[in-house]
Structures are given as C-alpha cells and as structure tokens.
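Next come the chains, spelled out residue by residue.
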Amino acid sequence: MKLAGQILSFIRNVSIFRKEPKVSFHDLFVHFHQILEGNNATMEMVADMEDKLGGQYVFDRKYMEDSIANIEKAVLQSAYNLNFISGNKDLELYSVIEKLARQLKQELAGELVIPGGRIVLALEDIEETMDEAVGNKAYNLFRILNLPNTNVPPSFVVTIGGFHRYLAMNNLHDQINALMGECKNKESSIEVISNKIRLLILNGEIPTRLRHEILKAAEAIYPRNSESACYSVRSSAVEEDGALSFAGLHDSFLNVPFRELLSSYKKVIAGMYSPGSIRYRIEKKLPFTDMAMAVLFQQMVESRVAGVAYTVDPNSPQNQSCMIGANFGLGTSVVEGNTEVDMFHVSRRRPYEVLDSRINEKKWMLSPNGTDSPVEVSPEMRNKPSLLPDQAASIVETALIIERFFKHPMDIEWGLDDQGQLRILQARPLGISRGGQSRSPELKALLKKQKVLLKDQGVIAYRGIGSGPVYIVHDEESLNKFPSGAVLLARFGIPILSRAIPRASAIITDVGSPTGHMATVAREFQIPTIVDTGSATRVLEPGCDVTVDAEKNIVYEGRITDLLFHQLLERPLFESRYEFQILRRLLRRISPLTLIDPEGANFNPRGCTTFHDVIRYIHETSLGILLAIAEKPSDLAGSGGRRLKSSLPLNMILIDIGGGLDASTQKGKWVMPEQILSRPMKALWAGMDSPDVWNTDPIPPDFKGLMSGLTRTQIESVAGQTLAGLNVAVLGADYLNMTLRVGYHFTVVDALMGPRPEKNTIFFRFVGGATDITRRSRRAALLLAILENIGFKVEGSGDLVIARAVNSSADQIKHYLYLIGRLIGFVRQLDILMKDDTSVELYFNRFMAANSIIPASDPNFRGARKK
Amino acid sequence: MKDKLSICVLDDEPIVGDRLKPELEDAGYEVEIFVDSASAIKRLDDRCFDIFVTDLKMEGVDGMGFLEKAKERCENSEVIMITGYATLESVRESFVRGAYDVIAKPFRIEEIREAVNKAKKRVRKKKSHS
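Residues numbered from 1 in each chain as written. Chains lettered and ligands numbered in written order. Predicted model: local features only at pLDDT ≥ 70, side-chain atom pairs only at ≥ 80, totals over all residues. Heavy atoms only, no water.

Student: With reference to specific residues and values, describe the overall build of chain A.
Tutor: Counting its secondary structure elements, chain A contains 29 helices and 31 strands. Looking at chain A as a whole, 58% of its 867 residues are labelled buried. The long-range share in chain A, meaning contacts at least 24 apart out of those at least 6 apart in sequence, stands at 67%. For chain A, the accessible surface area stands at approximately 35,100 Å², while carbon and sulfur atoms represent 52% of it. (Helix = DSSP H or I, 4+ residues; strand = E, 2+ residues; numbered from the N terminus. Buried < 20%, exposed > 50% of the residue type's maximum accessible area, 1.4 Å probe, protein only. Contact = heavy atoms within 4.5 Å. Areas by Shrake-Rupley, 256 points an atom, 1.4 Å probe, with all protein chains shown as cover.)

Student: So, the overall build of chain B: which residues are in play, and what are the values?
Tutor: Scanning chain B from N- to C-terminus turns up five helices and six strands. The N-to-C order of helical and strand elements in chain B reads β-α-β-α-β-α-β-α-β-β-α. Across the 130 residues of chain B, 51% fall into the buried class. If you sum the accessible surface of chain B, you get close to 6,300 Å²; carbon and sulfur atoms cover 50% of it.

Student: Please provide a residue-by-residue account of the side chain of D342 of chain A, values included.
Tutor: Residues and elements named next belong to chain A. With respect to the helices and strands, D342 occurs in strand β9 (residues 342–347). On the basis of relative accessibility, which here comes to 0%, the residue D342 falls in the buried class. Aside from chain neighbours lying at most four places away, what touches D342 is I324, G325, A326, R358, I359, N360, K362, K384, P385 and S386.

Student: Any chance you could break down the packing of helix α3 (residues 61–86) of chain A against helix α20 (residues 578–590) of chain A for me, citing the residues and the numbers?
Tutor: Residues and elements named next belong to chain A. Contact pair α3 / α20: the axes reach a minimum separation of 10 Å and the direction vectors enclose 10°. When the axes of α3 and α20 are compared, the pair comes out roughly parallel. Of α20, the residues touching α3 (which contributes R61, M64, I68 and I71) are Y578, E579, I582, L583, L586 and I590. Class assignment for the residues of the contact of α3 with α20 results in eight nonpolar, no polar and two charged. (Axes fitted to C-alpha atoms, helices over the stretch in contact; angles between N-to-C directions. Parallel < 35°, antiparallel > 145°, perpendicular 65-115°, else oblique. Nonpolar A, V, L, I, M, F, W, Y, C, P; charged D, E, K, R; others polar.)

Student: Talk me through the sheet that holds strand β14 (residues 422–429) of chain A; I want residue IDs and the actual numbers.
Tutor: In sheet architecture, strand pairing relies on hydrogen bonds along the backbone and comes in two forms, parallel and antiparallel. Residues and elements named next belong to chain A. Judged by pairing direction, the sheet is antiparallel, and its six strands sit side by side in the order β10-β9-β8-β7-β13-β14 without closing on themselves. Lying at the two open borders of the sheet, with one neighbouring strand each, are β10 (354–358) and β14. The average undirected angle you get between the axes of adjacent strands in this sheet is 20°. Contacts between helix α14 (residues 389–406) and the sheet are confined to β7 (305–310), β8 (321–328), β9, β10, β13 (410–416) and β14, with β13 contributing the most and set at about 140° to the helix. (Pairing = 2+ DSSP bridges.)

Student: So what's going on with the packing of aromatic side chains? Which residues, and what values?
Tutor: Evaluated as defined, the whole model comprises 19 aromatic pairs over all chains. Ring centres of F826 of chain A and F847 of chain A lie 5.1 Å apart, and the angle between their planes is 55°; on these two criteria the pair is classed as tilted. Within this pair, whereas F826 of chain A is found in helix α27 (residues 810–826), its partner F847 of chain A is found in helix α29 (residues 838–850), the two being separated by 21 residues in sequence. Exposure class is identical for F826 of chain A and F847 of chain A. Each is buried. An aromatic cluster of at least three residues, connected via ring pairs, comprises F156, Y166, Y265 and F297 of chain A. Seen from the ring of Y85 of chain B, K62 of chain A lies directly overhead, with NZ or CZ sitting 3.9 Å from the centre. For the cation-ring pair, R47 of chain B lies above F49 of chain B, with the distance from its terminal atom to the ring centre recorded as 4.1 Å. (Phe/Tyr/Trp six-rings, centres within 6.5 Å; stacked < 30°, edge-to-face > 60°. Lys NZ or Arg CZ within 6 Å of the ring centre and 35° of its normal.)

Student: Describe the environment of A803 of chain A, with residues and values.
Tutor: All names here are of chain A. Along the chain, the position of A803 falls in strand β31 (residues 800–806). The class for A803 is buried, based on a relative accessible area of 0%. As a C-alpha pair, A803 and G791 span twelve residues in sequence and 9.5 Å in three-dimensional space. Those residues in contact with A803 that sit more than four places away from it in its chain are I762, F763, F764, L787, F792, K793 and V794.

Student: I'd love a proper account of the state of the cysteines, names of residues and values included.
Tutor: Residue and element names in this part refer to chain B. Evaluated as defined, the whole model comprises one disulfide over all chains. Across the disulfide from C48 sits C74; the S-S distance is 2.2 Å. Across the S-S bond linking C48 and C74, the dihedral sits near -115°, which makes this disulfide left-handed. Taken together, the residues span a long stretch of sequence, with C48 in the loop between α2 (37–46) and β3 (51–55) and C74 in the loop between α3 (63–73) and β4 (78–83) at a distance of 26 residues. Residue class for C48 comes out partly exposed when judged on its relative accessible area of 30%. Of the residues examined, C74 reaches a relative accessible area of 3% and is grouped as buried. (Disulfide = S-S within 2.5 Å.)

Student: Just give me the short version of the confidence of the model for chain B, but keep the residues and values in it.
Tutor: Overall, the prediction assigns chain B a mean pLDDT of 91, with 98% of residues at 70 or greater. Mean pLDDT across the elements of chain B ranges from a minimum in helix α4 (residues 88–96) of chain B, with 89, to a maximum in strand β1 (residues 6–10) of chain B, with 97. (pLDDT = per-residue confidence, 0-100.)

Student: Let's hear about the interface of chain A and chain B: which residues, and what values?
Tutor: Many descriptions give the size of an interface as the accessible area lost when the pieces come together. In this complex, chain A contributes 23 residues to the contact, which on the side of chain B involves 22 residues. Roughly 2,100 Å² is buried in total at the junction of chain A and chain B, and carbon and sulfur atoms are behind 48% of that figure. Linking chain A with chain B are five salt bridges. Residue E23 of chain B pairs with R463 of chain A through a salt bridge whose shortest N-O separation is 2.4 Å. The interface formed by chain A and chain B contains 15 residue pairs in polar contact (both at pLDDT 80 or more). (Buried area = accessible area lost by both parts, 1.4 Å probe. Salt bridge = Lys/Arg side-chain N within 4 Å of Asp/Glu carboxyl O. Polar contact = N/O pair within 3.5 Å; in protein donor to acceptor, adjacent residues only side chain to side chain.)

Student: An account of the nonpolar core is requested, with residue identities and associated values reported.
Tutor: Residue and element names in this part refer to chain A. Counting residues in each nonpolar core, the largest one holds 94 residues, and the members touching the most others are I126, Y265 and L488. Element by element, the count of residues in this core is highest for helix α5 (residues 131–145), at seven residues. Dropping the residues within four chain positions of it, L488 is found in contact with Y471, V473, F482, L497, A500, I501, A504, A506, I507 and I508. (Core = buried A, V, L, I, M, F, W, Y, C linked by side-chain atoms within 4.5 Å.)

Student: So what about the pairing of β7 of chain A? Which residues, and what values?
Tutor: Residues and elements named next belong to chain A. Burial runs high along β7: five of the six residues are buried. Across six bridges, the pairing between β7 and β13 is antiparallel. By the bridge assignment, A306 is partnered in β13 with G415.

Student: Talk me through unusual backbone geometry; I want residue IDs and the actual numbers.
Tutor: In this chain, R350 of chain A is followed by P351 of chain A through a cis amide linkage whose omega measures 0°. A cis geometry characterises the amide bond from K105 of chain B onward to P106 of chain B, with omega recorded as -10°. Looking at where P106 of chain B falls in the secondary structure, it is placed in the loop between β5 (101–104) and β6 (107–108). A positive phi is found at N88 of chain A, a non-glycine position, where the angle reads about 55°.

Student: Explain α14 of chain A to me, using residue names and the numbers behind them.
Tutor: Each α-helix turn comprises 3.6 residues. Residues three or four places apart therefore point the same way. Taking 1.5 Å per residue, 18 residues should reach 26 Å; α14 of chain A reaches 26 Å between its end C-alpha atoms and fits that length. Among the residues making up α14 of chain A, those that are buried are A392, A393, I395, V396, T398, A399, L400, I401, I402, E403, F405 and F406 of chain A. (Expected span 1.5 Å × (residues − 1).)

Student: Requested: an account of the sheet that holds strand β16 (residues 459–462) of chain A, with residues and values cited.
Tutor: All names here are of chain A. Pairing is mixed in the open sheet, where eight strands are placed in the order β15-β22-β21-β17-β18-β19-β20-β16. Two strands in the sheet have a free side with no partner beyond their single neighbour: β15 (452–455) and β16. When strand polarity is set aside, the average angle formed by the axes of neighbouring strands in this sheet is 30°. Strand direction decides the pairing type here: strand β17 (residues 465–472) and strand β18 (residues 487–492), joined by three bridges, are parallel. The partner of I472 across the bridge, within β18, is L489.

What follows is the structure, given as structure tokens:
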C-alpha cells in the first residue's frame, strides 16, 4: 500500500540525531511512550503503597517485598528505554537504581541504613529515615522541630555511625562484646564488668574526624561567643525513649563548657554500660551484643523555671488533666525527684485552666548558669508558685500538640528561658499501660446515644480519632487564621491546605481521594482524615465541636472524651506496628521528590535520592529529547509533517506514524480536522475545538502591572487571542503525543486509546505561565483539583502538574481526552485572572458545572466519584 | 440478644491477627488468634469456632489442610481464606474444598468485616436447622 510504504520510508529516513546513533522516529515514540507507561505503572504502585499507610488495610511483609521488586523492575525498564533513545547517555542510572533497591532491601531486612555515613548531624539535618541512626531522643526532637508552636534549642547529634567509629578506633567492639557476654550468665559479676567496660571507653581516643566534627557543630550553636558556651549532653540510644524509656539509667550532663564536650561524650556512651542499665537490659530481654548509642548535644537553656509535663495523669487518666511538675532553675531537680517542687493539674481543654495546684516550699534549685550542686532558693521566693496560670496553659497547649502528633500520652521536659520563651528539651511516650483493645460495651452504648452528623459518607484516608471545633477553610485568609486543634473542613483538598494540616486534630473534605495530594500530607502528620464526604461543609456547623471517628467513618456531634481517651489509652496504634514503620521507611526512600529543578546542578542520575527522583529524571530527560524535535518544525514539515487547518489560530504540525491521518492527505498540503484518523487526537481535538471552551473573562486592569517585565511581543502573545508557539502532534491510529506551547505554558498529552483497557493510558503534563509563581501555582492547584476529581492520579509542585490515568476503556479515554481538550482552553489565561485562592474554588465549580461533571443547577455538588 | 459468634484467625504473620482481633471484637465477635496452624489445630481439640479466617500459605499444615480439619471438626462453620498468592488455581481449589470466600492480601478491614458478616448469616441459618 502506498501509505504503508510512505510510513515505512518515513520511519527509516527520519532520524532526530544527525550525529548520534540513529533512532528512528517511530522507535523514539514507542520508547517514549513505554517510558511514560513504566512511570505510570511505578507511580500507581507507589500510590498503592502510600494508601496502605492510612491504616485501612491489613498487609504483610510479602506485600512489601513484592512491591519493591515490582517498582525496581519497572524503573529499570524505564532507564533502559531512556538509554535507548538517548544513545546510552544515562548508563549511570542503572547503578543508581541498583543502589536504591539495595537500600530498600536492607530496610526490609531491618538493617540500619545511614545515608552518607554521617557521624555528626545538626538536628534540622536529620532525615525521616534516620531514627535508628540518631536514637529516639534526638529523633523525637527532630520531629517536634517541624510541629507548630514548638521551640527546640539548637542541637546536634553524634550518630550511631560516630559511636561505631569510636569503638573501631580503639578496638573495643570485640572486647566489649566478650565482656558483656560474660555478665549475661553471671549476675554477680555485673558491677565488675561494668567498671571494666566503662574504663575502656573513658580511656579511649576520639577519632580525629569525629573530634573535629563535634567541635565544629558545637561552635555552630554559639556562632559568636563560644567561650561562655554551655551545653547539655544527653544519651540518645536506639532503644531509649521509644517503647522502653530507660528513664534515669543513662547519664546526661548539664552546663558542660566547650572544653569538656569531648570528655562528656565519652562519659555518656560509657553510661550505657552502667550496672543499672545492664540489669535493665537483662530484665527487658534486650540484646547484649552490638549495643550502640547516639549522643545529643543541646544548647543549654538557662531556664528560670523548668520541669516536666505529662499530658495525662498516669494515676487517674480519666480526669482529663495534664500534670506539670515545676521548680525554679533547671529541670533536673524535678526529674530526679529529690527536692520539693510545685505540682499543677491543668485541664486538657482550652483555655487550659489550672484545676488544682500544690505549691510546695522550694528550698533548693539548680542554678541555670552554675555548678551541678543545688543552690538555695531565696526565702521570699520559696513559697511562691513557680508557674503563672497562663504559663501553665501555654505549656499544656504545646504538650497537647506534641501528644496529638505522637498519638500517645507524652512525658515532656521543658524550660522557660530568661525571655519567658517555652523550650522543649525532650519528649518521649509516657509509660502508661495500654489496656484492652476493642471498644468496651460501655463505650459502644455511649456512642449509640450520640448524635451522628455523618456516617459512611466518605473514604477514610487516615485512621484515628480527632475532636475539636469545626473550622472551614475556604480561602487564604481563613487558612491563615486556622486555630490549632480545630477540625479542618474544606470543599476539596487543594495543596495549600498543607499549611494548616499539622495543626488540625482531624480533616474532612467534601471532595478528594485517599490517594490524592492532601491525603499524603495528612498521613505524613498522622492526622485522622475522611475525604470525599460530598456534603460535610453543608452538614457541619462552623465553630461547633465534633468528634471524628476515622476508624468507623462516623462524625459525632460534640466532644466525646471517652472515645478520644479510648484511642489514647486503650487502642494499640496501628502506626507502631513494625510493618507500618518499615513501610513508612521504604516509602521515604521511594516517594519524596527531591530532584525538582531540571535546571539545577544536581539534575543528573547521581542527584537522584529516591525512586521518584529517578522517574522524574527519566521523564524530563526523555521529554527533552522529544521537545528538541519540536524546536525545528520546518524540518518536520519538510520530512513528513503536515500543517493542521483549523479555526483555532494554532500553528500545529501533525506527524503520522501509522494510521493517524487520512490517506488522501498530501505532502505540503493543509490537513483538515476531518482528515484526522487518530482516535485519541480526534477526542482531544473535539474538546479543544468546541466553541464554548475558551475562557473569555476580561483581563483585569492590574494585569498591566503584572506584565511590566515582559516585552511587547510577549505580552501580545499572552494577552492577545493568538496562540503563539510551535505545536506538534505525533499520531498513530490509537496513539497521540502532543506538545503544545500556548502562551507561556507548556503542555504535553500522551495517550494510547486501543481496544485493550489494560494497555490504555493518558499522560498529561502542564507547566509554566506568564504571571508570577503564586498565580501560576494557583492555576496548577485548580488543574490538580479538576483532574483529580475527573479521575486522574495527579502530582504537582509549584506550577507543575502531572496527571495520569491507566487501565481505562477506550470510551473512558475518549471522554478524558475530550475533557482535557476543554481544560486546555479553559485554563489558558486563568493564571492572570486568579487573584486569590478563592478563585481556585470559583473556577473549579465553573468548569465542573460547564462540563456536566456536576449539575450546574445543584449548588451542593458532589465530585465525580471514581470507583 | 443473640449469642456471640466465635472467630478463629490464623495467619503466620502476626500483624494480621493483631489488627483483625480488635476490629472483629468491635463488630461483636469473640476472637482468638493463632500464628501457626499446629496450635490452632490443637485448640480445635478443646473447642469449636463458628467462622475461620485463615491464611493459605503457611509452614506445616497449610490453609487448605487447616480448612479440611476445621470443616471436619466444626460442621456448621464457614471458612474464609486470605492469601497473598491468589491464583485462579488456588482460588478454585479453595472453593472446591468448601471455603466460603477467598480474599486477596492486602485487604481492607471492611472487606473482612463484610465477608465475616455474610458468613455469619450462613452459620446462623445452619445452626437453626441443625
């Protein structure tokens, strides 16, 4: 056949790399499409794993093994495809993927993976995956660092890696293991062996690099004046402050001057082998060999008042009160319990009233800038309360934020510094027994009597119980005023909500998906979340207290303290299961995107730190190869491309790679839209070309100011009605790949629309715009919300939007493409019009209504459900 | 109020029983969990269960073998298989041998709750006839 012959010769002759090894045009698109397909499949698997973190699923180890094996396989295949079209320019990807996969397998095997072998880390440089490298004390503080209303003193940590270097340098590993082995069988020898080991450690020499790094990090804490610098040096062993407290068994040193930092380090690690600590290990059946300890160095907080806060009273947990012990000076006096201190019981409910206080005569305190020995409290101060009611309230408020995050009653050491600022010195789960597991008959009976506001109306995205006043976020302003502890209610989960999420006690949305953006953030902060309820913003009254049971998918009126306490005190946390922790850790090596800027210096295979990075790298690089062709449309026209004739002023080149165009089209002649045979192109074009799609709202007057930085031609091409730019569509009978440069944004659509649903895909990518990044990001948020509600899996950052759909029938793909076509027209200039965040909702509703995704007549729309 | 039905959950991965126990208890069942088939079989000497939720692939007596023992010992019971290796073959065989339902791992807690709820109705019916 003539056409077939034409295609064949076209495929043979056109090569995009004139100097590189030749890749035929056909092969280029086959491989590009396979890359997208592989990336889609990988992101699907990642979303599936993330979904499992919400607590709704029961999964096991095999699931995790299978998932990471499949992800590795898919990513390797994409790397192969990229190397095929790039002429093997990215061979390094293979070793990067192999390394990432090896780390995942190590995590799964429970082995410790310390990124980059760091031995000293500032608290803020700790990463989510490093809990075992820095020990629980440092890790808990690192997690608190990111919570709102919390202030942690500048700190750094010598990691487990640093500890091992110390032992290795002094040849202590084997000696200590041998000695420890001895005392396991001989209780009587514990004291002697403990002394031997501690002496070995204290007499050791700190490796040069470790010494250097400790001193450098310590100097960084007091950049101006390290002479008067004072530190606290605390143990942060792996097992400590987690399920087991080791309370009081490991040594901490306060008021340590700079010159004694190194010797204090040795004293702290020696403390791990104290007789008390060894006996505790025997009691708790902890391993005896390969013990390890990280050490936390904190800026010494010169507390005027300090102490301990328990978020529940361990003696009578049902009393709904926090307990605070406080004394003047440093908190050690309270922790050690060897002197009289003040005790306060404070309500757990806003405004955190002091319920009762016991003000004792405080004769002794530890001076904030003095020696280790207690000093006398002046007689006129002794009987005064160490805390004022509002200070107690602020301690409780912060303590409850911490409790809400850890979902466990907490034991928190705090200090009020000379500025009156509340500082969190350490925090650990309060040792309190968690009793029964299921809900008691009494609790069930009580719940039956409660007024149910919503039941089974949505999908649980994160399990748990939360309570607070309802607060609806509908724009930037209401978002900024979001009160800590409220129940966050929103129409749909747009990414800007992320700012309020850490302060929310629960989240409910009308529209959304458990695999969506916001759900990911909610899972990261472990906030009970129900999405896609349809009607929550109508049903729930702002300001009214509700209790969100994201275990049974019910929202109750009022605050049901018994249910909250059931979760806090009785229910075993699914998050604390080993499998969940492992899955969380695996995902931290898979799903974060750190390789964001394609122009950045680290945008290369070695810069990839997660599988998502690898996917993004492969994606951008392959796209770059593809777009290089679109740079030279004249070449394309000369070598087989045809111009599309249409009512839209689009300069569009069509390239047929087989079955995409009517056989009657001729080289050099215009192609009429009716001559397009490519099924996906027809569907997309039907959307793009429909008469009512192009948004015709007038451009606002302040737009001129916005555009002042641009040249006249640029302004015309953006604000004018012409669609400038070079646009290319590659067509097959079932295939479409279109790159559009409309205004200042860049759109890519890649779709396969054949008879086999499992093979069908759509990929949509949108980036850029002429306005500032805030407005462009608003438009991106709008696109994300619309696409997600149509049924796409979406991801995005800044002004970038990526949407995918897989496994859909040809009819479904056709519909999706039609909507995407309309969407491209709809959002073309919207960044200019989107002056504030309310406009996201405005245009969302307008698009959904105009496209009958929601009936225009129904003001209480419900998003198109994807099931 | 009707008598509580009893459920035996058997899976060699402890997380399965640990997570199902409180959920099924909340739904009003009496639940015992086992992580190896030997101890579950031993327990059958002492008592019967109304509903069994068992993993398919296990050391020693596997899910198929356990299903037979459970059916033999507790004639009014129903068995729900859970498996991470759901092939057409294994699903068919489960049904042939009398399983009431087969659920692929990982599963949503509601899926188990629903399956158990349906099995409950069957067990009640059988009990009232016997």
